[in-house]
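Residue-level structural notes
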Amino acid sequence: MSRAVAGTGPTAGPAAGGAKLALREFHHFEAAGGHFLYLVPSAGVFRLDEPSYAVLEALEEARRTPAELRAVLSSRFGADQVDGAVAELSQVQAVRPVDRREERMLPILPPQDFPLTTMVLNVTSKCNLACTYCYEYGEDRIVPESGKPRFMSEEVARESVEFMLQESGDNKVAHLTFFGGETLLNFRVLKKTLAYARTRGREMGKEVEFSLTTNATLLRPEIIEWLAENRVGVTISIDGPQDSQDKFRVFRNGKGSYEVILPKIRELLRRHRSRPIAARVTLTRQNLDVMKIFRHLTEEIGFWEVGFAPVTTASMRDYAIEDEGCDRMLAQFDELAAEWLAHAVEHRHHGFSNVKDTLEEIHKGVSKAYGCGAGLGLMGVATDGEVALCHRFAGSEEHGIGTVQGGIDRDRQFGFLKKHHIANKTDCHTCWARPICSGGCYHEAHTRYGTTAAPNLHFCEWIRGWTDTCLKIYGELAVRNPEFLKLFDGEGRVAA
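Conventions used here
Residues numbered from 1 in each chain as written. Predicted model: local features only at pLDDT ≥ 70, side-chain atom pairs only at ≥ 80, totals over all residues. Heavy atoms only, no water. Helix = DSSP H or I, 4+ residues; strand = E, 2+ residues; numbered from the N terminus. Buried < 20%, exposed > 50% of the residue type's maximum accessible area, 1.4 Å probe, protein only. Contact = heavy atoms within 4.5 Å. Pairing = 2+ DSSP bridges. Axes fitted to C-alpha atoms, helices over the stretch in contact; angles between N-to-C directions. Disulfide = S-S within 2.5 Å. Salt bridge = Lys/Arg side-chain N within 4 Å of Asp/Glu carboxyl O. Core = buried A, V, L, I, M, F, W, Y, C linked by side-chain atoms within 4.5 Å. Domains from an automatic or database assignment. Buried area = accessible area lost by both parts, 1.4 Å probe. Polar contact = N/O pair within 3.5 Å; in protein donor to acceptor, adjacent residues only side chain to side chain. Nonpolar A, V, L, I, M, F, W, Y, C, P; charged D, E, K, R; others polar. Left-handed = near helix turned anticlockwise from the far one by under 90°.

**Some details on the side chain of Thr-284**
- Along the chain, the position of Thr-284 falls in the loop between strand 10 (277–283) and helix 9 (290–301).
- Of the residues examined, Thr-284 reaches a relative accessible area of 1% and is grouped as buried.
- Excluding anything up to four places from it in sequence, Thr-284 contacts Tyr-133, Phe-248, Val-311, Tyr-319 and Ile-321.

What follows is the structure, encoded as structure tokens:
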């Protein structure tokens, strides 16, 4: 595994002398016929040997001193084995002396020069579709239709590029994502902005990577050629087969979009092979057949990856996913994750990106202080150059933190970061999955609870269930094909 494994390292004397020991925060799970711990809040993953697991079982029954542990476990293990297990469990902070208090979670803020990693450029606020559940222009919109230009100008786009390169600090790579509305409605500015960013990046000794999200309705041959030649990463917003796609993703006259986009997507996949093409699916109460959607998008159309996200909406909407729907969604995610594992064990690719993304966070030991990088490593820019927490808030004055022309209002930015640190989310303090979740999406919280500071409590059981599934997959791979985990370090390749 990528991190230490309890029971296999050097041993030491009994921890904390004769003090009684208690369990600290962790989540126990089983995988590959063994026992593992996911430690909170360090996000470490450790495989337990038998003495270590026995010590934890004994401490779960009652708080005990190392001497008492040796006595309780004497019929199974020698004193040196028990002492070694206690020492290692103390070292990885799975156990602690009773008289030592748990450290209180403190809101440690990032430095003020924290570099910008990704800028999402909303090149237009206009869209040629009228998706019922759209968080930007549907029933839950937070940005007014008037008051902002519908299309970003070349000047504002260039100013945004300069802002991005300046804010990226010492990073050698900056990520620029084009977004909308429907991004390709402003293809003219998009083209010129990419060329400008690439030139300015080279002048500053940086590489700029590009991606965009589109509904695929405007994918003409010349656009597809340009995307391929410029190695632009493309994500297609599509909800599955025709009956799924045409349920909500419709034109303003109510006509479904599936028949329009299908030939365009097929041509994109045929021509654009410099970077994998991904599909992003919005799941609703009426569209929860995850397996059917995945099969169609990967096997019948040919997408390399498919990611699923439950619709962001207030709970009273008829397309909102409630408790029973969440259970059905998780059961199908688990089924698809099992397929992903079977492929990974054989070192083969599987296109379910949700499990891949979560495993990468687990492998890298991600322990989030914030639900995401919004307002920190990620920022969104509205059509007039206002900088928001992320692309979902672009154009919202309430969630703005500056402009590309005048820079970031640091007081406002750090006021947001201080307020939204997980230390201030009391509902999250006892949750073992908080290193991965940290309360969840700010936009989701705003839509559900009216404030970005609220944790997304409606998804708690879902998050814990999904994190447990991914931890078990990680443990299986650590034993059955540890080479696969090197992919998350940028090493190696998998077969298609």
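Structure shown, so let's carry the discussion forward.
**Quick notes on the sheet that holds strand 2 (residues 26–31)**
- Taken together, the 3 strands give an open sheet; going across it, the order is 2-3-4, and neighbouring strands pair in antiparallel fashion. Looking at which strands have only one partner, the edges of the open sheet turn out to be strand 2 and strand 4 (45–48). When the angles between neighbouring strand axes are averaged without regard to direction, this sheet yields 30°.
- Sheet strands touched by helix 1 (residues 50–61): strand 2, strand 3 (34–39) and strand 4. Its angle to strand 4, the strand with the most contacts, is close to 100°.
- Most of the contacts of helix 15 (residues 460–480) go to strand 2, to which it runs at about 55°, and overall it touches strand 2, strand 3 and strand 4.

**Considerations on the state of the cysteines**
- Across all of its chains, the model carries 0 disulfides by this definition.
- A disulfide-free cysteine, Cys-326 has its sulfur positioned 11 Å from the sulfur of Cys-460, the nearest such atom.
- Looking at Cys-326, the relative accessible area reads 9%, which means it is buried.
- Free cysteine: Cys-437, not disulfide-bonded; nearest cysteine sulfur from Cys-428 at 6.2 Å.

**Some remarks on the pattern of salt bridges**
- As enumerated under the stated definition, the model contains 27 salt bridges in all.
- Its salt-bridge partner being Asp-384, residue Lys-148 comes within 2.8 Å of it at the nearest N-O pair. With Lys-148 in the loop between strand 6 (118–122) and helix 4 (154–167) and Asp-384 in the loop between strand 12 (378–381) and strand 13 (386–388), this residue pair connects regions lying 236 residues apart in the sequence.
- Judged by its relative accessible area of 23%, Asp-384 falls in the partly exposed class.

**Some remarks on the pairing of strand 10**
- Where burial is concerned, most of strand 10 is hidden: 6 out of the 7 residues are buried.
- As paired strands, strand 9 (residues 233–237) and strand 10 are joined by 4 bridges and run parallel to one another. What sits directly across from Ser-237, in strand 10, is Arg-280.
- Of the pairings in the sheet, the one linking strand 10 to strand 11 (residues 305–310) comprises 6 bridges and is parallel in character. The residue of strand 11 that forms the bridge with Thr-282 is Ala-309.

**Here we look at the nonpolar core**
- Formed by 111 residues in total, the largest nonpolar core has its most connected members in Ile-236, Leu-283, Phe-303, Phe-308, Trp-340 and Phe-352.
- Looking at this core element by element, the count peaks at 9 residues for helix 10 (residues 323–345).
- Both domains that furnish three or more residues to this core are identified here as domain 1 (2–97) and domain 2 (118–415).
- Each residue touching Phe-303, except ones within four places of it in the same chain, is listed here: Ile-236, Ile-238, Ile-265, Leu-269, Ile-277, Ala-278, Ala-279, Leu-297 and Thr-298.
- Counting residues in hydrophobic clusters, the runner-up holds 21 residues, among them Leu-37, Tyr-53, Val-55 and Ala-58.

**Some words on the domain arrangement of the protein chain**
- Assigned domains within the protein chain: domain 1 (2–97) and domain 2 (118–415).
- Contact with domain 1, which involves 7 residues of that partner, is made by 5 residues of domain 2.
- Across the interface of domain 1 and domain 2, roughly 390 Å² is buried in total on both sides, 49% from carbon and sulfur atoms.
- Counting across the interface, domain 1 meets domain 2 through 0 salt bridges.
- On inspection of domain 1 and its partner domain 2, the count reaches 1 residue pair in polar contact (both at pLDDT 80 or more).
- Per-class residue counts for the side of domain 1 that touches domain 2 are 4 nonpolar, 2 polar and 1 charged.

**Brief notes about the packing of helix 4 against helix 5 (residues 187–203)**
- Contact geometry of helix 4 with helix 5 gives a least axis separation of 10 Å together with a crossing angle of 35°. Viewed along their axes, helix 4 and helix 5 form a crossing whose handedness is right-handed. Counting all contacts with helix 4, which are made through Glu-154, Ala-157, Arg-158, Val-161, Glu-162 and Leu-165, the residues of helix 5 involved are Arg-188, Val-189, Lys-192, Thr-193, Tyr-196, Ala-197, Arg-200 and Gly-201.
- Of the residues that constitute the contact of helix 4 with helix 5, the class distribution is 6 nonpolar, 2 polar and 6 charged.

**Side note on the sheet that holds strand 7 (residues 173–179)**
- Taken together, 10 strands build an open sheet; the order of strands is 11-10-9-8-7-6-12-13-14-15 and the sheet is mixed. Two strands close off the open sheet at either side, each with one partner strand: strand 11 and strand 15 (407–408).
- Across the sheet, helix 9 is in contact with strand 10 and strand 11; its angle to strand 11 comes to roughly 150°.

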